[in-house]
Amino acid sequence: MLEMIFNGANWFALPFWAMMILLPGWKVTRKVMESLLPIALLAAVYLYLLVTGFNADVLKEFSNPQLSLTSLTGLFSQPSVMATGWVHYIVMDLFVGRWIFLEGWDKRVWTTHSLILCLFAGPVGLLSHLLTVAIVQATRQNRPSVAQPEKGSEVPQESI
């Protein structure tokens, strides 16, 4: 059962990534990604795994303020803990990927590279997007706008 949930969560998330990366301009992609339902469904799977897969000993160990890397490695060697942790990654990475996609759409910033990085290395994709937005915004601010003439030049009357 655990293996089935693990595989199901992986396969469930992939179409959303495919849509954002391969079909970013498709109206359906935007409509689907505006919904939080896919994220909520994965979060519900995570909650189920958390409730059913963590016994009192595991919860006690996770709540230990002096949790060591060795202890954490031992906890994640348990299939129920690893599956729960992996679904956690899937939920959070998809949420961040969705945010990158929607913000890129709104700001007219290319996001494919950041989404691919987010899919495979979540925080790296987020960093890539933040840098991309900063570079694009700086470039746009330094480029004279077509609608606004440079200082000292006149705007032709027919364009007003």
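Residues numbered from 1 in each chain as written. Predicted model: local features only at pLDDT ≥ 70, side-chain atom pairs only at ≥ 80, totals over all residues. Heavy atoms only, no water.

Novice: Before we move on, can you summarise the nonpolar core with the specific residues and values?
Specialist: Formed by 20 residues in total, the largest nonpolar core has its most connected members in Ala-13, Trp-17, Met-20, Leu-42, Leu-94, Phe-101 and Leu-115. Elements with a contribution of two residues or more to this core: α1 (2-22), α3 (37-53), α6 (79-107) and α7 (112-142). Dropping the residues within four chain positions of it, Ala-13 is found in contact with Leu-42, Ile-90 and Leu-94. (Core = buried A, V, L, I, M, F, W, Y, C linked by side-chain atoms within 4.5 Å. Buried < 20%, exposed > 50% of the residue type's maximum accessible area, 1.4 Å probe, protein only. Helix = DSSP H or I, 4+ residues; strand = E, 2+ residues; numbered from the N terminus. Contact = heavy atoms within 4.5 Å.)

Novice: I'd like a rundown of the layout of surface pockets, residues and numbers included.
Specialist: Approximately 250 Å³ is the volume found for the largest pocket. Around the largest pocket, the lining is made up of 14 residues, and of these Trp-86, Tyr-89, Ile-90, Asp-93 and Leu-119 lie nearest the centre. For the lining of the largest pocket, the secondary-structure elements that each account for two or more residues are α1, α6 and α7. When the residues that make up the lining of the largest pocket are grouped by side-chain class, the tally is 11 nonpolar, 2 polar and 1 charged. (1 Å grid on protein atoms, 1.4 Å probe; cavity = no way out; pocket = protein on both sides within 12 Å on 5 of 7 lines; lining within 4 Å. Points joined across faces, edges and corners; volume = space filled by probe spheres on them. Nonpolar A, V, L, I, M, F, W, Y, C, P; charged D, E, K, R; others polar.)

Novice: Which residues make up the pattern of salt bridges, and what values do they have?
Specialist: One side chain can pair with another of opposite charge once the charged atoms of both are near each other. Throughout the structure, instances matching the rule amount to 3 salt bridges. Of the charged contacts in the structure, one is a salt bridge between Glu-34 and Arg-30, with a shortest N-O distance of 2.7 Å. Of this pair, Glu-34 and Arg-30 both sit in helix α2 (residues 27-34), 4 residues apart, which is roughly one turn of the helix. Relative accessible area serves as the criterion here: at 40%, Glu-34 is assigned to the partly exposed category. With its nearest N and O atoms 3.3 Å apart, the salt bridge here joins Lys-107 to Glu-103. You can see Lys-107 and its partner Glu-103 sitting in helix α6, 4 residues apart, about one turn around the helix. (Salt bridge = Lys/Arg side-chain N within 4 Å of Asp/Glu carboxyl O.)

Novice: Any details on the environment of Leu-72? Residues and values, ideally.
Specialist: Examined against the element boundaries, Leu-72 turns out to sit in helix α5 (residues 69-76). With relative accessibility at 26%, the residue Leu-72 sits in the partly exposed group. Put simply, Leu-72 and Arg-143 are 71 residues apart on the chain and 51 Å apart in space, counted from C-alpha to C-alpha.

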